[in-house]
Amino acid sequence: MVYYSTLVQVPSENIHKSRNYIYLVTGREYSKEKKCNIYQRTLIGKINPADNQTMYPNESYFKLFESEKPEEDRSQPNLDHSDVQRIGAVAMTRALMEDLSLLEKLKLVFGDEDANLIADLAAYICLSGSSVMQHFPAWGYDHPLYSDTALSDSSISRFLNQSITPGQTYAFLKEWNKGRSRQETLYVNGDATNMNTDGCGIELAEMGYAKDDKTKPQVNIAIAATAKDNLPLLYDLYSGSYNDVSEFPYMIRMCSEFGYKSIGFILDRGYFSKDILHSLRDKGYKLIMMLKDNNLCVKQLISEHGKLLKRNWQAYIDEHDVCGITIPGPLFKDDNEVCYRHLYYSQALELKESRHLMATLNKYKGELDKRIAEGDLKADEAKRYARYFDLELSDGVVVSYKPNDVNIEYEQDMLGFFVIASTEDMDAAQVLTIYRDRDAVEKLFEFIKTEMDCKRFRVHSDESLGSKVFIVFIATILRSQIYTRMKKIRDKDKKHFTVPATIKELDKILAVRQGDDEPFIRNRKLTAIQKKMLKEFGVTEKDIDKLIKSI
């Protein structure tokens, strides 16, 4: 840790400066491979930006120079309030906090001090694109904070490990979902993903079906967000070895406990199961779901209605360039409840799937020719080819083959079709419009993993993991609403109004002061593009100046 309560002179010899940090050169070794000296360096402190001659020492400094350590200081000194503050992006997130009553709800559950810190950490993750808490003090150096001081990285680590409990996160989610629609159906997108972790002390981290690094343990996170504006409503953190279908009833139960009377889930085909359908029905909730291609219901619908649908020009849905019809009936053979099965046909999809089928057939044919010539293709290995080819065996080894024209023709007849089911009586065009908007929930996971650097959680306890996931959830709310509110002008200019471009541009709005006792003032007028961006969040130049005065 860095001792911000103590200043020492930067050593005059054997030092190496890198950005804001001071390293002591403790040795060197000649590398024959690189043909140069490789220096051994130890980080000993952080430079004092006030004079660049003194520094804030860390543990290694006191060990190497045999000096007496001071008592631990929890916060950074006033050095973290730079004379140049980046105002614009923070003004945007604060406007969102106010519009969504986020800070107010955080304070109801966590109290003022902890709520301010959670809001600051969420804004940092959202705006910086990093979830590495060690970098928060540096970010807080030139950005306004709700908190009085920027905590050191060690203090943040203790905060994550001790100050946020599962009971508090649940209480916040309950408070966050208060006042949402209780009468007309609120459709939400539901999905899950997994993140890797190196933490050896995390019980939830287990090996599972990893989407990123299959060699490391993982945890799973499910999120439900409104279909209309992609606002995250709730999340569920669970063991990395659990599958999404088995855990989804917990999310249904949360919605019930939070008071939702009429809610509809939009799910992908991975959630297709009789248990989920029955769980939703028991609560009176609705469902829109893509069905698996190999489902018996799907095959029957295509066999019975596919050829007619291809020629039914009146079923054409211009908005989506597909043909679609609705056929009421059960989803499962032993289920008496009627659902609405929406069968669609797409020429573009048929062409894509046809190319894939032809490539697969040619690949299998080439593999069979090679293995039969080598004479070592055994029956067990050849099972993958039996779908499209009839195989002749001799002593358990494949000796010849011929195409199964019946099966291949059947596969070709199935191409270009897909089925979406709904428990509510809706027409095919309406259902497809709602379902295709579920890509928004995938955008949330893109925010979390890519734009907020959370592919891997750098924590080492279940308590810290739970706290960090909660703060990331708050950051995701902010990031998603920046994306949603910028959509109108982004559709006209996709280059300059993306989320990263917006944050970068607004971060150029600066407040400066000439000395410690001088007030902050805006350094220049807002540009036209900055005004256009801020307008989407209801922020004016007066609001910017008001924030500057509060620093």
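Not measured: the values here are computed from a predicted model. What you see as residue numbers is a count from 1 along each chain, following the sequence as written. Reporting in this predicted model follows two pLDDT cut-offs: at least 70 for local features of residues, and 80 or more for side-chain atom pairs to be given and counted; totals over whole chains, interfaces and linings ignore these cut-offs and use all residues. Hydrogens are left out, water is left out, and the side-chain values use all remaining heavy atoms of the structure.

## Considering unusual backbone geometry
Item 1. Of note, serine 101 is a non-glycine position whose phi angle comes to about 55°, a positive value.
Item 2. Unlike most non-glycine residues, aspartate 321 shows phi in positive territory, near 55°.
Item 3. Strands are runs of DSSP state E lasting at least 2 residues, helices are runs of H or I lasting at least 4, and numbering of each runs from the N terminus. As for its placement among the helices and strands, aspartate 321 is situated in the loop between strand E12 (316-317) and strand E13 (322-329).
Item 4. Aspartate 321 gets classed as partly exposed once you look at its relative accessible area, which sits at 45%. Whether a residue is buried, partly exposed or exposed follows from its accessible area with a 1.4 Å probe, protein chains only, as a fraction of its type maximum: under 20%, in between, or over 50%, in that order.

## Considering the confidence of the model for the chain
Item 1. One confidence number per residue, pLDDT, is output by the predictor and ranges from 0 to 100. Mean pLDDT for the chain: 83, with 87% of residues reaching 70 or above.
Item 2. Low pLDDT, under 50, characterises residues 74-79; the stretch is placed with 21 contacts to residues that sit more than four places away or in other chains. Any two residues whose heavy atoms approach within 4.5 Å at even a single point are treated as in contact.

## Brief notes about a negative patch on the surface
Item 1. A patch consists of residues whose relative accessible area exceeds 30% and which take part in no salt bridge; residues with like charges are grouped when within 9 Å of each other, and nonpolar side chains (Val, Leu, Ile, Met, Phe, Trp, Tyr) when within 5 Å. Areas reported as accessible are Shrake-Rupley estimates using a 1.4 Å probe. Residue values count occlusion only from the protein chains shown. Any Lys or Arg side-chain nitrogen found within 4 Å of a carboxyl oxygen on Asp or Glu counts as a salt bridge. The positive count covers Lys and Arg only, the negative count covers Asp and Glu only, and His and the chain ends enter neither. Taken as the charge centre is NZ of Lys, CZ of Arg, CG of Asp or CD of Glu, depending on the residue. Together, Asp318, Glu319, Asp321, Asp437, Asp439 and Glu442 line one region of the surface with negative charge.
Item 2. Topologically, aspartate 437 is positioned in the loop between helix H13 (428-436) and helix H14 (439-451).

## A word on helix H18 (residues 528-535)
Item 1. The complete set of buried residues in H18 reads Gln530, Met533 and Leu534. Buried residues of H18 fall within an arc of 95° about the axis and therefore sit on the same side. Residues of H18 that are exposed and point more than 90 degrees away from the buried face comprise Ala528 and Lys535.
Item 2. Contacts made by the buried residues of H18 are with helix H2 (88-99), helix H17 (499-506) and helix H19 (541-549). What the arc describes is the spread of directions from the helix axis to the C-beta atoms.

## What about the pairing of strand E14 (residues 339-345)?
Item 1. Taken across its seven residues, E14 has seven buried, putting it largely inside the fold.
Item 2. The side-chain alternation of E14 yields two buried faces, one formed by Cys339, Arg341, Leu343 and Tyr345 and the other by Tyr340, His342 and Tyr344.
Item 3. Strands pair, by our definition, only if DSSP identifies at least two bridges between them. Pairing of E13 with E14 involves seven bridges; the strand directions are antiparallel. Across the sheet, the residue bridging to glycine 324 is tyrosine 344, located in E14.
Item 4. In this structure, E14 lies alongside strand E17 (residues 417-422), joined through six bridges in antiparallel fashion. In the strand pairing of E17, tyrosine 344 is matched with phenylalanine 418.

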